[in-house]
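# Coordinates in review
Here is how the chains run, residue by residue.
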Amino acid sequence: MVGELEFERPIIELRKKISEIREFTKTADVDLSSEIEKLETRLEKLEKDIYENIKPWDRVQIARHPNRPTTLDYIAEIFEGFFECHGDRTFSDDEAIVGGIAKFNGLPVTIIGHQRGKDTKENIRRNFGMPHPEGYRKALRLMKQADKFKRPIICFIDTKGAYPGKAAEERGQSEAIAKNLFEMAGLRVPVICIVIGEGGSGGALALGVGNRIYMLENSTYSVISPEGAAAILWKDSALAKQAAETMKITAPDLKGLGVIDDIIPEIKGGAHKDVKKQAEEIKNALKDSLQELLKLSEDELIEDRYKRFRTIGEFSLAKDYIGVQ
């Protein structure tokens, strides 16, 4: 089955068995309703056990699901009148990042997000959601436009990372990412960032300097992929599952560490199960955040963003330990 995840196989097999029995009862003169009822009870318990105890590696697989909703999917469900803007006014238009203007409950906003494809052809066109420097420069152009016209900015993060190719490096990949980090810190409008899939390395962080940062429940946010970490730490990318456990890359872990502000609940089994319902959850989070942030002045927004990142990883040492009297 396309998109079938390994940890879901027991659920899929039991559902198949129930379906087969139902079909059998249509042609055979036999009452198996009690058996079906028992299997459905067992299925309900199995789904609860599995979906309420999802492991980090399972979340990685959900975040990478080929049918997982993309930025454009959510734009279509959440916003009205989206007008896409193209190009960085320097080199070209990078389709790995989409951005434009729309309305959210009547409020003009700027939306920017990574965009991967749904099939091989579209993935090639969008470079598998891995932006070149011109993608980040397009994003920055739209952010500055939003800053000028006082439009809140909403960023959707979903990338394995910035494209590491030779051409991208020659055109200033690192500089483009660094410039975004610098400029986003001083934006005078509310900035809300949501990790909707994979949030990988600087490629994700270049759209991630916000007043509020959210993650979908089964998204990941990390400095490197589990495979990459395993290859560096243990010289074996096959140990990716172990790396995912160690790296603390899931939404619950990052909420506990203070890296994100909150977790947006997902549909049971993943956002790909019901895009409309998932979009409603995101819409509710955006509504609450904007209601709070729009009350702040420009200086307060910048200070709020500064404090938010300043306290990530904050710790204190006992005076006796550091020798201070």
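In case you missed it, the structure is sitting above this.
When helices and strands are counted, the protein shows 15 helices and eight strands. Oriented by its inertia axes, the alpha-carbon framework of the protein measures out at about 75 × 60 × 45 Å. The 325 residues of the protein split such that 46% are buried. Looking at the protein alone, contacts between residues at least 24 apart form 72% of all its contacts between residues at least 6 apart. Accessible surface, the protein as shown: approximately 16900 Å² in total, 53% of it carbon and sulfur.

Time to look at the pairing of strand β2 (residues 97-104). By the criterion of burial, β2 is predominantly enclosed, with six of the eight residues buried. Where strand β1 (residues 80-84) meets β2, three bridges bridge the pair, whose relative direction is antiparallel. Across the sheet, the residue bridging to E80 is K103, located in β2. Sheet analysis places β2 next to strand β3 (residues 107-114), joined by eight bridges and oriented antiparallel. From the neighbouring strand, F104 faces β3, where its bridge partner is L107. Linkage of β2 to β3, two consecutive antiparallel strands, is achieved through a turn of two residues, within which N105 is found at a positive phi near 50°.

A separate point is the pairing of strand β4 (residues 153-159). Counting buried positions over the seven residues of β4 gives seven, a clear majority of the element. Side-chain alternation along β4 places I153, C155, I157 and T159 on one buried face and I154, F156 and D158 on a second face that is also buried. Taken together, the four bridges between β3 and β4 define a ladder with parallel strand orientation. Bridge pairing links I111 to I154 in β4. Bridge analysis of β4 against strand β5 (residues 191-200) gives six bridges, and the strand direction is parallel. Across the sheet, residue C155 finds its bridge partner in β5, namely C193.

Bringing a nonpolar patch on the surface into the picture now. Judged by side-chain polarity, I232, L233, W234 and L239 come together as a nonpolar surface patch covering roughly 370 Å² of accessible area. One can find W234 in helix α10 (residues 226-234).

This part takes up the packing of helix α6 (residues 133-148) against helix α8 (residues 173-185). Viewed as axis vectors pointing N to C, α6 and α8 meet at an angle of 20°, and their least axial separation amounts to 8 Å. Compared by their axis directions, α6 and α8 come out roughly parallel. Once α6 is placed against α8, the crossing between them reads as left-handed. Between α6 and α8, the contacting residues are P133, Y136, R137, A139, L140, M143 and K144 on the first element and Q173, E175, A176, I177, K179, N180, E183 and M184 on the second.

To continue, consider the nonpolar core. I112, M143, I153, C155, L207 and Y221 are the most contacted members of the largest nonpolar core, which has 30 residues in total. Of all the elements in the fold, those that place two or more residues in this core are α6, β4, α8, β5, β6 (212-216) and α12 (251-257). The dominant element in this core, judged by the number of residues it contributes, is α6, at five residues. Other than its neighbours up to four places away in sequence, M143 contacts I112, I153, C155, M184, L187, A206 and L207.

Relative to the helices and strands, A162 resides in the loop between β4 and α7 (166-170). A162 sits in the buried class, given a relative accessible area of 18%. For the pair A162 and H132, spaced 30 residues apart in the sequence, the C-alpha separation amounts to 6.6 Å. Setting aside anything within four residues of it in sequence, one finds A162 in contact with M130, P131, Y136, Q173, I177 and G203.

What follows concerns the environment of A244. Note on placement: A244 falls in helix α11 (residues 240-247). For A244, a relative accessible area of 0% puts it in the buried group. Separated by 38 residues in sequence, A244 and I282 have C-alpha atoms that sit 25 Å apart.

In this section: the pattern of salt bridges. Summed over the entire model, instances satisfying the criterion amount to 21 salt bridges. As a salt-bridge pair, E298 and K150 come within 2.8 Å of each other at their nearest N and O atoms. One end of the pair, E298, is in helix α14 (residues 298-310); the other, K150, is in the loop between α6 and β4, and 148 residues separate them in sequence. For E298, a relative accessible area of 32% corresponds to the partly exposed category.

Along its 19 residues, helix α1 (residues 9-27) runs 28 Å from first to last C-alpha, staying within 8% of the 27 Å computed at 1.5 Å per residue. Those residues of α1 that sit buried are I11, I12, L14, I18 and I21. The elements touched by buried residues of α1 are α2 (33-51).

What counts, and where the lines are drawn
- Residues numbered from 1 in each chain as written.
- Predicted model: local features only at pLDDT ≥ 70, side-chain atom pairs only at ≥ 80, totals over all residues.
- Heavy atoms only, no water.
- Helix = DSSP H or I, 4+ residues; strand = E, 2+ residues; numbered from the N terminus.
- Buried < 20%, exposed > 50% of the residue type's maximum accessible area, 1.4 Å probe, protein only.
- Contact = heavy atoms within 4.5 Å.
- Areas by Shrake-Rupley, 256 points an atom, 1.4 Å probe, with all protein chains shown as cover.
- Pairing = 2+ DSSP bridges.
- Patch = residues over 30% accessible without salt bridge, like charges linked within 9 Å, V, L, I, M, F, W, Y side chains within 5 Å.
- Salt bridge = Lys/Arg side-chain N within 4 Å of Asp/Glu carboxyl O.
- Axes fitted to C-alpha atoms, helices over the stretch in contact; angles between N-to-C directions.
- Parallel < 35°, antiparallel > 145°, perpendicular 65-115°, else oblique.
- Left-handed = near helix turned anticlockwise from the far one by under 90°.
- Core = buried A, V, L, I, M, F, W, Y, C linked by side-chain atoms within 4.5 Å.
- Expected span 1.5 Å × (residues − 1).

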